[in-house]
Amino acid sequence: MKYNRVLLKLSGEALMGQQQGGIDPNVIAFICTEIAKVTAQGVQLALVIGGGNIFRGISLATAGMNRVTADQMGMMATVINSLALQDALQTHNIPVQVMSATPMPAICETFEHKAAMAYLQQGKVLIFAGGTGNPFFTTDSAASLRGVEIEAEMIIKATKVDGVYSADPMTDPQALRYTQLSYEEVLEKELAVMDATAILLCKNHQMPLRVYNMTTQDALLQMMQGQDIGTLITAE
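These figures come from a predicted structure and were not determined experimentally.

Here is what the cut-offs are and how they apply
- Residues numbered from 1 in each chain as written.
- Predicted model: local features only at pLDDT ≥ 70, side-chain atom pairs only at ≥ 80, totals over all residues.
- Heavy atoms only, no water.
- Helix = DSSP H or I, 4+ residues; strand = E, 2+ residues; numbered from the N terminus.
- Contact = heavy atoms within 4.5 Å.
- Buried < 20%, exposed > 50% of the residue type's maximum accessible area, 1.4 Å probe, protein only.
- Pairing = 2+ DSSP bridges.
- Salt bridge = Lys/Arg side-chain N within 4 Å of Asp/Glu carboxyl O.
- Expected span 1.5 Å × (residues − 1).
- Arc of directions from axis to C-beta.
- Polar contact = N/O pair within 3.5 Å; in protein donor to acceptor, adjacent residues only side chain to side chain.
- Phe/Tyr/Trp six-rings, centres within 6.5 Å; stacked < 30°, edge-to-face > 60°.
- Lys NZ or Arg CZ within 6 Å of the ring centre and 35° of its normal.
- Core = buried A, V, L, I, M, F, W, Y, C linked by side-chain atoms within 4.5 Å.

(A) Inspection of the environment of F128 at higher detail. Examined against the element boundaries, F128 turns out to sit in strand 5 (residues 125-129). Here the alpha-carbon distance between F128 and T78, two residues 50 residues apart in the chain, equals 8.9 Å. Discounting chain neighbours no more than four positions away, the residues touching F128 are L7, A46, L47, V48, I49, S82, M99, F111, A116, R146 and I150.

(B) Main features of the pairing of strand 6 (residues 154-159). Buried residues dominate strand 6, accounting for six of its six residues. Side chains M154, I156 and A158 of strand 6 all project onto a buried face; the interleaved residues I155, K157 and T159 project onto the opposite face, where all are buried too. Two strands pair when backbone bridges link them, and strand 1 (residues 5-10) and strand 6 are joined in this way by five bridges, in the parallel orientation. Note on strand 6: the bridge partner recorded for K9 is K157.

(C) Geometry of the pattern of salt bridges. Throughout the structure, instances matching the rule amount to nine salt bridges. The residue D140 makes a salt bridge to K9 at a minimum N-O spacing of 3.3 Å. Taken together, the residues span a long stretch of sequence, with D140 in helix 5 (residues 139-149) and K9 in strand 1 at a distance of 131 residues. Overall, D140 belongs to the buried group, its relative accessible area being 11%. One salt bridge connects K37 with E34, and the closest N-O pair in it is separated by 3.0 Å. With K37 and E34 both in helix 1 (residues 25-39), this residue pair falls three residues apart, about one helical turn. Classification of E34 as buried rests on a relative accessible area of 7%. Via salt bridges that share partners, K9, D140 and K157 belong to a single interconnected network.

(D) Region of the structure containing helix 1. Taking 1.5 Å as the rise per residue, helix 1 with 15 residues should run 21 Å; its terminal C-alpha atoms sit 21 Å apart, in good agreement. Buried within helix 1 are the following residues: V27, I28, I31, C32, E34, I35 and V38. The buried residues of helix 1 occupy an angular sector of 165° when projected down its axis, which confines them to one face. Exposed side of helix 1, more than 90 degrees from the buried face: P25 and N26 are the residues found there. Considering only its buried residues, helix 1 is in contact with strand 1, strand 2 (44-49), helix 3 (67-91), strand 5 and helix 8 (219-224). Among the residues of helix 1, the N-terminal cap falls to D24, whose side-chain oxygen and the backbone nitrogen of N26 are separated by 2.9 Å.

(E) Inspection of the packing of aromatic side chains at higher detail. Enumeration over the complete set of coordinates arrives at one aromatic pair. A centroid spacing of 5.5 Å and a plane angle of 85° characterise the contact between F111 and F128, whose relative ring orientation is edge-to-face. Here F111, found in the loop between strand 4 (109-110) and helix 4 (113-121), pairs with F128, found in strand 5; they are 17 residues apart in sequence, far enough to count as distant. Here the basic side chain of R146 rests over the ring of F111, its NZ or CZ set 3.8 Å away from the ring centre. One cation-aromatic arrangement involves R146 over F128; the distance from NZ or CZ to the ring centre is 5.9 Å.

(F) Structural view of the nonpolar core. Core analysis: the largest hydrophobic core is formed by 39 residues, its most contacted members being L85 and Y212. Residue contributions to this core peak at six residues, all from helix 1. If we ignore the near neighbours within four places in the chain, the residues touching L85 are L10, I28, I31, C32, L47, I49 and I127. Judged by nonpolar contacts, the second largest core, of 30 residues, contains A46, L120, A143 and C202.

(G) Region of interest: unusual backbone geometry. Backbone geometry at Q206 places phi at a positive 55°, although glycine is not the residue there. Residue class for Q206 comes out exposed when judged on its relative accessible area of 55%. Unusually for a residue other than glycine, D218 sits at a positive phi of about 70°. Within the fold, D218 resides in the loop between strand 10 (209-213) and helix 8. Overall, D218 belongs to the partly exposed group, its relative accessible area being 27%.

Below, the structure written as structure tokens:
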């Protein structure tokens, strides 16, 4: 494997599949199968999952709800998704540990850096829940933060399209797909990859970021082998 430790960012919406909300069991099963292929090769894997399939704090904040309260509700949604994925991975006999940025000891372990590093060394898949534990930060920012903290070799963002485009390929047939970008280009072109805070954190820590289509079978394993999948974003 070219990469031995990576962080995978999944959106909450991706877990819906073709549903209008909630979690599609078939999507969870597919994700577990792809994760199993990677961990079987000894790759240390951590995940951050969004909560948009259950609750989007920013939407209610726009409608008048207190932003702090709305973001806290969104963080709770990420815990629900993390527990669902943990259960599915355990069903596939994959060792896994959920760690939340917000303490909730009756449900899952609280994030602590040394413990997280030890779990990775033990071969456990880590699922980081609860965002950063603070309002006003997205799960993209949480993914960048945790990726830097665990010294991942790359952050991978799973989406519904096969990379980063100049425009939304679902609505613009003329949209062009980039194979490689710099962080500066992402910011200057205002490309919808991650929010600016997440991109700047990756940039400041020289963290490579790759965007790919999560529905493509074996794509995650192929990336670990060094194949050029999706769009790669680096400092140069």
